[in-house]
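# Coordinate analysis (summary)
Chain residues, written in single-letter form:
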Amino acid sequence: MRKLAYPYIDGFVAAVPNANKDAFIEHARAAAVVFKEHGALRVVECWEDDVPEGKVTSFSMAVKRKDDESVIFSWIEWPSRAVRDEAMPKVMQDPRLQMDVNPMPFDGKRLIFGGFESIIDE
C-alpha cells in the first residue's frame with residue numbers, strides 16, 4: 001500500500017492581549033510571508049471565539065490566559081518535515097522577523113508549539 005504524502009504541521013497556541021490584536025495580525029502577516037518564501041504551503045492564524053474554560057485542562061489554562069487576553073490557535077502547513085527542518089533556521093535568521101523589527105505582541109514564554117505528522121487529511 002502506497003503511503004500518501006500528507007503535509008507536516010507546526011502548531012501553536014498562545015495568549016495575546018486583546019489590546020494587541022491589530023499588532024498581532026500585522027506580526028502574523030509579516031511572518032507568514034517569510035514562512036511561505038521558505039517553503040510553507042499555508043499559514044493559518046485563528047483568534048479565540050468559542051473557547052470554553054475547562055475544569056482540568058483547556059486552551060486558556062494551557063497558556064495561562066489572563067482576563068484581558070484571548071487565545072490564538074495557529075498552524076503552518078509544510079510539504080514535509082524535511083522542508084520544514086531546512087527552512088526553520090533560515091526563517092529564524094530572517095531580518096524581517098528579528099525582535100527589533102517585528103516584536104512579538106504577546107508573552108512568548110507562554111507560547112506552546114510543536115511539530116506534527118499528519119495522519120489524516122481529508
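Residues numbered from 1 in each chain as written. Predicted model: local features only at pLDDT ≥ 70, side-chain atom pairs only at ≥ 80, totals over all residues. Heavy atoms only, no water.

## Examining the overall build of the protein
The following threshold applies: Runs of E in the DSSP output that reach at least two residues are strands. Runs of H or I that reach at least four are helices, and both are numbered from the N terminus. Relative accessibility decides the category of a residue: with a 1.4 Å probe and only protein chains considered, values under 20% of the type maximum give buried, values over 50% give exposed, and everything between is partly exposed. Residue contacts follow a heavy-atom distance rule, with two residues in contact if any of their heavy atoms lie within 4.5 Å. Values of accessible area rely on a 1.4 Å probe in the Shrake-Rupley scheme; residue burial ignores everything except the protein chains shown. Only four residue types enter the tally: Lys and Arg on the positive side, Asp and Glu on the negative side, with His and both chain ends excluded. To locate a charge, the coordinates of NZ of Lys, CZ of Arg, CG of Asp or CD of Glu are taken.
In terms of helices and strands, the protein carries 3 helices and 4 strands. In the protein, buried positions account for 33% of the 122 residues. Taking as baseline every contact in the protein between residues at least 6 positions apart, the subset at least 24 positions apart corresponds to 83%. Taken as a whole, the protein presents about 8300 Å² of accessible surface, with 57% of it coming from carbon and sulfur. The centroid of the 16 positive side-chain charges in the protein is displaced by 3 Å from the centroid of its 21 negative side-chain charges.

## Focus on helix α3 (residues 81-93)
Just so we agree on the cut-off: Take the residue count of a helix, subtract one, and multiply by 1.5 Å to get its expected span. Note on bend: the value at a residue is the angle between axes fitted to the seven residues ending there and to the seven starting there.
Compared with the 18 Å implied by 1.5 Å per residue over 13 residues, the 19 Å span of α3 between its first and last C-alpha is a close match. Of all bends in α3, the biggest is about 35°, found at A87, and the proline P89 comes one to four residues later. Within α3, the full set of buried residues consists of R84, A87, M88 and V91. Tucked inside the fold, the buried residues of α3 contact β1 (8-17), α1 (21-37), β3 (69-78) and β4 (112-117).

## Some remarks on the pattern of salt bridges
This is how the line gets drawn: Basic side-chain nitrogens of Lys or Arg form a salt bridge, by our definition, when they fall within 4 Å of a carboxyl oxygen of Asp or Glu.
Overall, the coordinates contain 11 salt bridges when judged by the stated rule. For R65, the salt bridge is made with E53, and the minimal N-O distance between the two is 2.6 Å. Within this pair, whereas R65 is found in the loop between α2 (59-62) and β3, its partner E53 is found in the loop between β2 (42-47) and α2, the two being separated by 12 residues in sequence. In the salt-bridge network here, residues are joined through shared partners; they are D10, R81, R84 and D85.

## So, α1
In a regular helix each residue adds 1.5 Å, so 17 residues correspond to 24 Å; α1 covers 24 Å between its end C-alpha atoms and thus fits that length. In this structure, the buried side of α1 is in contact with β1, β2, β3 and α3. Directly after α1, the chain includes G39, whose backbone phi takes a positive value near 115°.

## Brief notes about unusual backbone geometry
The phi angle at K64 is positive, at roughly 55°, despite the residue not being glycine. As for its position among the elements, K64 is in the loop between α2 and β3. Taking relative accessible area as the criterion, K64 reaches 61% and is therefore assigned exposed.

## Considering the sheet that holds β1
Remark on secondary structure: sheet strands pair via backbone hydrogen bonds, oriented parallel or antiparallel. Here is the rule we go by: DSSP bridges decide pairing: two strands pair if at least two such bridges lie between them. Every axis in this analysis is a line fitted to C-alpha atoms, fitted for helices over the stretch in contact. Angles between the N-to-C directions lie between 0 and 180 degrees.
The 4 strands lie next to each other as β2-β3-β1-β4, forming an open sheet whose pairing is antiparallel. A single partner strand is all that each edge strand has here, and the edge strands are β2 and β4. Sheet twist, expressed as the mean angle between neighbouring strand axes with direction ignored, is 15°. By the bridge criterion, 10 bridges tie β1 to β3 in an arrangement that is antiparallel. When the sheet's bridge partners are listed, P17 is paired in β3 with E69. Of the strands in this sheet, β1, β2 and β3 are in contact with α1, which crosses β2 at around 165°.

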